[in-house]
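As a plain string of letters, each chain reads:
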Amino acid sequence: MKFTRRNAIKIAGAGVSVSLAGCSGLLSSNQTDQTIANKPIRNKNYRVKKLYHGVAYYPELWPLENIDKDIIEMKKVGINVVRMAEFAWATMESNEGKIDLNLFKMVMDKMYAAGIDVVLCTPTATPPIWLTHNHPERCHKDVDGVIMNHGARQHASYEHPDVRKASFTIINAMAKELGEHPALIAWQLDNEMKAHVAEDFSDAAVNNWHQWLKQRFGTIKRLNMAWGTKIWSQHYQKFEQVPAPVKTPFLHSASLSTAYKMFCRESVADFMKAQRDVICRHSVCPITHNDNPAFNIHHERSMQALDFASYDAYPTDQQWQALVFRSDLYRAAIPGRAFWLMETSVSHNGWLGNHQPPHSPSFLNAEAILAYSLGGEAFCYWLWRQQRTGAELAHSAVMSAWNTPSIGYNEVKKLNVEREKLEPILINTQVLTPEIAVTYSDHARAMIETEELDKRKDFPKRYRGVIEMWHAKLMNLGYHREVRFENAELDGLKVLITPAMPYVSAEFITRALAFVEQGGTWIAGPVTGTRGKEHNVPTTAGLGLLDKLAGVETKFVVPLTHTGAQGTAFGITTELSGWCAAMTAKVGTKVIGSIDSGVAKDNAFITERNIGKGRVVILGVQPFGDKADEFLSTMISHYADKAGVTERYQVTKGTIVAPRINEQGDKFWVAINMDGQGGQLILPKGAVDARNNRAIEDRSLNLSPYEWRAIYLNI
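Residues numbered from 1 in each chain as written. Predicted model: local features only at pLDDT ≥ 70, side-chain atom pairs only at ≥ 80, totals over all residues. Heavy atoms only, no water.

Take Asn80: it is sitting in the loop between helix H2 (66–77) and strand S4 (81–84). Relative accessible area serves as the criterion here: at 9%, Asn80 is assigned to the buried category. Within polar-contact distance, the side chain of Asn80 engages the backbone oxygen of Leu51 at 3.3 Å. Looking at Asn80, its side chain comes within polar contact range of the main-chain nitrogen of His53, at 2.7 Å. With residues near it in sequence (within four places) discarded, Asn80 still touches Lys50, Leu51, Tyr52, His53, Gly115, Ile116, Asp117 and Arg419. (Helix = DSSP H or I, 4+ residues; strand = E, 2+ residues; numbered from the N terminus. Buried < 20%, exposed > 50% of the residue type's maximum accessible area, 1.4 Å probe, protein only. Polar contact = N/O pair within 3.5 Å; in protein donor to acceptor, adjacent residues only side chain to side chain. Contact = heavy atoms within 4.5 Å.)

Let us now look at the packing of aromatic side chains. What the rule picks out here adds up to 29 aromatic pairs. Centre to centre, the rings of Tyr311 and Phe339 are 5.6 Å apart; their planes meet at 40 degrees, and the pair counts as tilted. Of this pair, Tyr311 sits in strand S9 (residues 310–312) while Phe339 sits in strand S10 (residues 339–343), placing them 28 residues apart in sequence. Each member of the pair, Tyr311 together with Phe339, is buried. The interplanar angle of 85 degrees and the centroid separation of 5.6 Å between the aromatic rings of Phe379 and Tyr381 together place this pair among those described as edge-to-face. By the burial criterion, Phe379 is buried, and Tyr381 matches it. Through pairs of rings, three or more aromatic residues link up here, namely Phe201, Trp209, Trp212, Phe217, Trp227, Tyr260 and Phe263. (Phe/Tyr/Trp six-rings, centres within 6.5 Å; stacked < 30°, edge-to-face > 60°.)

So, about the sheet that holds strand S13 (residues 376–381). With parallel pairing, the nine strands of this open sheet are ordered in space as S7-S6-S5-S4-S3-S13-S10-S9-S8. The sheet terminates laterally at strand S7 (287–288) and strand S8 (290–291), the two strands that pair on one side only. Note that strand S3 (residues 52–56) and S4 share three bridges and pair parallel. If you follow Ala56 over to S4, its bridge partner there is Arg83. Strand contacts of helix H12 (residues 363–373): S3, S10 and S13, with the helix running at about 150 degrees to S13, the strand carrying the most contacts. Strands in contact with helix H13 (residues 409–426) are S3 and S13; relative to S3, the strand with the most contacts, it is inclined by about 155 degrees. (Pairing = 2+ DSSP bridges. Axes fitted to C-alpha atoms, helices over the stretch in contact; angles between N-to-C directions.)

Looking only at helix H8 (residues 220–227), the buried set comprises Ile220, Leu223, Asn224, Ala226 and Trp227. Down the axis of H8, the buried side of the element spans an arc of 165 degrees, and every buried residue falls inside it. Those residues of H8 that are exposed and angled more than 90 degrees off the buried face are Lys221, Arg222 and Met225. Residues of H8 that are buried sit in contact with helix H7 (203–217) and helix H9 (254–279). Where H8 ends, the next residue or the one after it, Gly228, has phi of about 60 degrees, a positive value. (Arc of directions from axis to C-beta.)

Further remarks concern the packing of H2 against helix H4 (residues 102–114). The N-to-C vectors of H2 and H4 enclose an angle of 35 degrees; their axes lie 11 Å apart at closest approach. The chirality of how H2 crosses H4 is right-handed. Across the interface between the two elements, Ile67, Asp68, Ile71, Met74 and Lys75 of H2 pack against Met106, Val107, Lys110, Met111 and Ala114 of H4. Of the residues assigned to the contact of H2 with H4, the class counts are seven nonpolar, no polar and three charged. (Left-handed = near helix turned anticlockwise from the far one by under 90°. Nonpolar A, V, L, I, M, F, W, Y, C, P; charged D, E, K, R; others polar.)

In this section: the sheet that holds strand S32 (residues 708–712). Spatially, S14-S27-S28-S32-S30 is the arrangement adopted by the five strands of the open sheet, whose pairing is antiparallel. Looking at which strands have only one partner, the edges of the open sheet turn out to be strand S14 (429–431) and strand S30 (688–689). Bridge count for strand S27 (residues 655–662) against strand S28 (residues 667–673) is seven bridges, and the pairing is antiparallel. Directly across from Ile656, in S28, lies its bridge partner Ile672. Its contacts with the sheet put H12 on S14, S27, S28 and S32, and the angle it makes with S28 is roughly 155 degrees.

What follows is the structure, encoded as structure tokens:
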């Protein structure tokens, strides 16, 4: 259904319609929610046939005679896939137009003969000197006007036509010559897109910004109306007058600042799609990119360029939760296809000026078992051999710079033994679809970077920190969970939690309503609905479409940070912080929590409305302080129980359960202790150890530090 201003959403059984007048989304005219949600996926019936154990390999950096020795050592430690070429553009094309790929063809020949697969990368992260020397217009310019220089990576402007032309030339040559090589199993686009730089303010970027605005709004009159540019005399006469948000005496309009972030991030994703198109002229191998939620790209849009998702993570022993979060996010990013963990350190991460502590013994093994069990197909290291030059001399590796086994060698070898034990258990199985998920929105991220949620010292400063906070709550409560992009389908879910999403589109409302009508519970968390599509304040209701949908009237939205305000629900009184939507309930809506003190006293901060077989819950402010954890745990458990969520485990904090299902519909668990403290899991009756097929008599299963167990369930 295509929505217009005259359309309305009908709520089955509720006798209510929600007008869409004035509702729209911060998406370019050629990017609708539906085009994201309905991206075709190759290999819909894909099943994992092997667990890849990989490493980044840089033959261009070392003597050729080392290659055969490297392959022998790789076989000893169980490496069965290598990734290469992401930084090798200057080796392939030392002078413009003179492309020589013989080195990589030779290495691929050797890998194929040894039974080692290859992932080949497009080398666009590190253009050669001839592309940018004496061409500052081809380089990235930051918000302060500083032009990036050759010497590291990501210095070129992907917005410049000459950079794009050169990029597509080398990619086309690689795909044409190597795209059908028998060793090749996948492509990686670029490397960690926009890991070091944010928005591009080069002349080429600003020119493309104006074209983006034209495509999005059509006329300058529509832009002026949408952004309310009469304020501070910001009214524009033509698109070319609209500035990029560089430094001004005070602040730019929120509408402009957020839109520029979205333009830049969409553009990077579109560059990825253009790379894909070039590769697909000559190669049928699947395509990925090593992503990370911190990178400055439109993550959901970028998935349109990929056949399977990959991510990089370099956690210390204390940061293992990041692996769970990213696995739960990238598993859901491209449904039906396993993700890859493309980069992690064998021991310690490090670069000039910084290094992390080495891993505890067996932590690397727990990392890998966790990633595989939560839906990963590959677990790969950066890097094979320690760098002898460059900026990352301090980083750990499998082999030392002098080419002997290094600190990571024995841990990698031990991990491979465990991988071989796990592989037959996971083959032809899938992760069980979670019943509870958290929403991740690239649009919300851009808006919150423009306008922070809460200035309190202990509150997450970044959008992903807020989403990770809610995800961690589900994880610590023992729920099997997922993180789904804003435009993802809601299949299999019983509870959806959407925190910190200021703008809620009509398309999102439509999917959420269908979900609720069929029995789901949608919890719209703090700040959700408080802004319009162009990062403005709604003029029809305090929460936009949510007011009518939830059966509330938002009296005002006010910050409660450092006010001492408190609220009570579920028999618990908690401090309240951040932006608060102070609500009153209409007929048919229940007040679950009321504000006890402060400027919003006697208003509701939690409401619940039944629609069809399910319910919409509004949590209008962030619980904070000593009682916040208990409060949120109680609230989540309450609504999960009401929705009939069953995939919850009696497990101690720090131990993760990954539920899986085989092709016959039989379920089993993989449990992994991740905090190094050991853990305990309560088993159902009739549990069987998957590694020896012996019955587990004790219902209470104890795990040693970093131990894993696979358990068949007789249920």
